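A structural walkthrough
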Amino acid sequence: MTSTAPDLSAVTDAARAVGLTKVYGEGDTRVVALDGVTTGFERGRFTAIMGPSGSGKSTLMHCMAGLDSATSGSAFIGDVDLTSLDDKRLTRLRRDSLGFVFQAYNLVPTLTALENITLPIDIAGRKPDKEWLDTVISTVGLADRLHHRPNELSGGQQQRVACARALASRPEIVFADEPTGNLDSRAGAEILLFLRRSVQELGQTIVIVTHDPAAAAYADRVIFLADGSIVDEMRDPTADLVLERLKRFDAAGTRSGEGL
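What counts, and where the lines are drawn
Numbering of residues begins from 1 in every chain and follows the order in which that chain's sequence is written. pLDDT decides what is reported in this predicted model: residues at 70 or higher carry local features, side-chain atom pairs at 80 or more are listed and counted, and totals for whole chains, interfaces and linings draw on all residues regardless. Derived side-chain values reflect all non-hydrogen atoms in the structure, with water molecules and hydrogen atoms excluded from consideration. Exposure is judged per residue with a 1.4 Å probe applied to protein chains only, and the accessible area is read against the type maximum: over 50% gives exposed, under 20% gives buried, and values in between give partly exposed. Put simply, DSSP marks the helices as runs of H or I at least four residues long and the strands as runs of E at least two long, and each gets a number from the N terminus on. Two strands qualify as a pair provided DSSP detects at least 2 bridges between them. If you view a crossover with the strands going away from you and the path from the first strand over the helix to the second runs clockwise, you call it right-handed. Angles shown run from 0 to 180 degrees and are taken between the N-to-C directions of axes, each axis being a line fitted to C-alpha atoms and, for helices, limited to the stretch in contact. Small angles under 35 degrees read as roughly parallel and large ones over 145 as roughly antiparallel, with 65 to 115 read as roughly perpendicular and the rest as oblique. With the far helix as reference, a near helix turned anticlockwise by less than a right angle produces a left-handed crossing, and one turned clockwise produces a right-handed crossing. Any pair of residues with heavy atoms lying within 4.5 Å of one another is described as a contacting pair. In this description, a nonpolar core means a group of buried Ala, Val, Leu, Ile, Met, Phe, Trp, Tyr and Cys residues linked to one another through side-chain atoms lying within 4.5 Å.

Of the two faces of strand β8 (residues 206-209), the one lined by I206 and I208 and the one lined by V207 and V209 are each fully buried. Note that strand β3 (residues 46-50) and β8 share four bridges and pair parallel. For I49, the partnering residue across the bridge sits in β8 and is V209. In this structure, strand β7 (residues 173-177) lies alongside β8, joined through four bridges in parallel fashion. Looking at the pairing, F175 lines up with V207 of β8. Assessed by its sense of winding, the connection that carries the chain from β7 through helix α6 (residues 185-202) to β8 is right-handed.

Structure (structure tokens):
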């Protein structure tokens, strides 16, 4: 496939958090999941969010994706502050500007792979951009499985359908929460390679939450959270470098794994 990745000589942020705080509960049950986080997610780049259990990494993604509301601070998609939108406008922005990939696939069992891929576009009452759709389908590598239903596909194939669905509407940014968590190592590598290619060849912006150093190694940048704050970041990560950084969390008396 011919590369269509944009010139990133002047990279801008597709999304950014400014003083983002999320608090759950009150009094003795009060938990600060995010504590004034400020960071950007670069357009046309692949970012991984990592950290120990309870560090706030999934909470950060959910607030950035408009799936959870912030207690204070701002979450921007482009120049739009999600915290300023009412429910109707937030729903429209999520539909038109964001893509989501979740660990559980979330495919409709009665629909074919192609129908699942185009479902968000169909719900919005729009027609898909055929050239873009063909490019996404080519990149996902399931052209010969488009008329199969989810129960006729392997786990890796179902997750590739979910990835294609997230990309089909050409969103500003795709958020993926542990997208390889239910897959074996081979299927997981296929998904991560697809996400990597979507950045390199399609110019997509990808943000994933992961606890897997091998998955983070596919990213351009890793940000590390601990206790609701960003404590480090790494450019051009390798699995070994990420693992060494995570071991420092363990040495501090925490364990790496699923976060808030």
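Between helix α4 (residues 130-140) and α6, whose axes approach to 10 Å, the crossing angle comes to 140°. If you check the angle between α4 and α6, you find them oblique. Seen from above, α4 lies across α6 with right-handed handedness. Residue-level contacts link W132, T135, V136, T139 and V140 of α4 to F194, R197 and L202 of α6.

Moving on: the nonpolar core. If you look at the biggest cluster of nonpolar residues, it comprises 46 residues, and the most contacted ones within it are L195, I208, V222, F224 and V242. Not counting the four nearest positions on each side in its chain, I208 is found in contact with F46, T47, A48, I49, M61, A176, P179, L192, L195 and A215. Listed in part, the 27 residues of the second largest apolar core include A14, F41, L85 and L98.

With that settled, consider unusual backbone geometry. A positive phi angle, near 70°, is found at Y105, a position not held by glycine. Tracing the backbone shows Y105 in the loop between β6 (98-102) and α3 (113-123). On the basis of relative accessibility, which here comes to 14%, the residue Y105 falls in the buried class. Despite not being glycine, D236 has its phi angle at roughly 50°, a positive value.

In this section: the sheet that holds strand β1 (residues 13-24). Strand order in the open sheet made by the four strands is β2-β1-β4-β5, with antiparallel pairing throughout. Looking at which strands have only one partner, the edges of the open sheet turn out to be β2 (31-42) and β5 (80-81). Bridge analysis of β1 against strand β4 (residues 72-77) gives five bridges, and the strand direction is antiparallel. Across the sheet, residue A17 finds its bridge partner in β4, namely A75. The strands touched by helix α1 (residues 57-64) are β1, β2 and β4; relative to β1, the strand with the most contacts, the crossing angle is about 120°.

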